[in-house]
Structure formats: C-alpha cells, structure tokens
Amino acid sequence: MTKVMTTITECDVTDCAYNKHNSCHTLAITVGGPEACPSCDTYVVSKETGGIPDTRGGVGACKVASCTHNESLECSASRVTIGWHEGHADCKTFHSR
Ligand code: SF4
C-alpha cells in the first residue's frame, strides 16, 4: 500500500529558514536528533530563504521509535505540528509508547 506523507499543519519555529508565516516549506523534514528527543533535524537558521514557497512541509522520516505514531521509523500520523521545546524545534505530536 502506498503511504501518503504526513503533513506539517503548523510550525511556530519562525527563525528557521524553511518557515514562512508559521508554515514549513521544505518537502520533507527528518524528525529525531542524536538524543531520544523528537526534535526537527531539518531546522536551520540561515541568511538564505529555504524551501519552496507553495509547498507545504511533510515528515520524510522519523527516527523516534518510542513514539506511538512511529512505524518502521516512519511517521503514521496524518498530520503533525512542530514547535519550540526547551530552546529547540520539536514534534509536538509526539506521544510516548
Ligand atoms: S508524531 Fe511521532 S512518529 Fe510522527 S514525526 Fe512526530 S515523533 Fe515522529
């Protein structure tokens, strides 16, 4: 069965190069950094404007196996939101198993 990419409905990390008007505009983010935290691994501060203006961001891969929405290191949620957590960007839809 073909999987539809999880949509990022909102991201309030407005200093990210891919963020415009609280929306993510890269095709696909990766979630999960080196720690067991659902951080957005695509977040970047840059002088460059990133992404594609008429594209809504999605979750390309998620390394957070401890989330109930995670199946085979992919996100199975239909949509997620991203926001600040302790000074970094996190998936706010994360739900611990
Ligand atoms: S909801 Fe869970 S599986 Fe989906 S991106 Fe967020 S942390 Fe990863």
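Along every chain, residues carry numbers that run from 1 in the direction the sequence is written. The model is predicted, so local features are restricted to residues of pLDDT at least 70 and side-chain atom pairs to those at 80 or more, both for listing and for counting; the totals for chains, interfaces and linings are taken over all residues. Only hydrogens and water are set aside; all other atoms, that is, all heavy atoms of the structure, feed into the side-chain values.

Thoughts on the overall build of the chain
What counts as a helix is a DSSP run of H or I of at least four residues, what counts as a strand is a run of E of at least two, and both are numbered from the N terminus. What the chain contains, in helices and strands, is zero helices and nine strands. Listing the helices and strands of the chain from first to last along the sequence gives β-β-β-β-β-β-β-β-β. Dimensions along the principal axes, computed over C-alpha positions, put the chain at roughly 35 × 35 × 20 Å. Counting only residues that meet the buried cut, the chain has 38% of its 97 residues in that class. In the chain, the share of contacts with a sequence separation of at least 24, taken over all contacts with a separation of at least 6, comes to 65%. The method behind every accessible area is Shrake-Rupley, applied with a 1.4 Å probe, and residues are considered shielded solely by the protein chains displayed. Total accessible area on the chain stands at roughly 6,000 Å², and carbon and sulfur atoms take up 53% of it. Positive residues here are Lys and Arg, negative ones are Asp and Glu, while His and the chain termini are left out of the count. All charge positions are set by atom: Lys at NZ, Arg at CZ, Asp at CG, Glu at CD. Each charge sign in the chain was given a centre, from 8 positive and 11 negative side chains, and these centres are 5 Å apart. Relative accessible area decides the class of each residue, using a 1.4 Å probe on protein chains only: under 20% of the type maximum gives buried, over 50% gives exposed, and in between gives partly exposed. Pairs of residues are marked as contacts when any of their non-hydrogen atoms sit within 4.5 Å.

A word on empty space enclosed by the protein
Think of a 1 Å grid over the protein atoms and nothing else: a 1.4 Å probe that fits but is trapped marks a cavity, an open set flanked by protein within 12 Å on at least five of seven lines marks a pocket, and residues with an atom within 4 Å of a point count as lining. Grid points are joined across faces, edges and corners, and a volume is the space filled by probe spheres set on the points. Applying the stated criterion across every chain yields a total of two cavities of 30 Å³ or more. The calculated volume of the largest cavity comes to roughly 120 Å³. Forming the walls of the largest cavity are 15 residues, and the residues nearest its centre are Cys 62, Cys 67, His 69, Cys 75 and Cys 91. Counting residues per element, the ones that place at least two in the lining of the largest cavity are β5 (58-62) and β7 (74-75).

Concerning the pattern of salt bridges
Salt bridges are defined by distance alone: a side-chain nitrogen of Lys or Arg within 4 Å of a carboxyl oxygen of Asp or Glu. Counting across every chain of the model gives one salt bridge. Salt-bridge contacts for Lys 63 lead to Asp 41; the nearest nitrogen and oxygen are separated by 3.2 Å. A residue pair is termed long-range when its members are at least 10 positions apart, and Lys 63 in the loop between β5 and β6 (70-71) and Asp 41 in the loop between β4 (28-31) and β5 qualify at 22 residues. You can call Lys 63 partly exposed: its relative accessible area is 45%. For Asp 41, a relative accessible area of 42% gives the class partly exposed.

Fair warning: the whole summary comes from geometry, so function is off the table for now.
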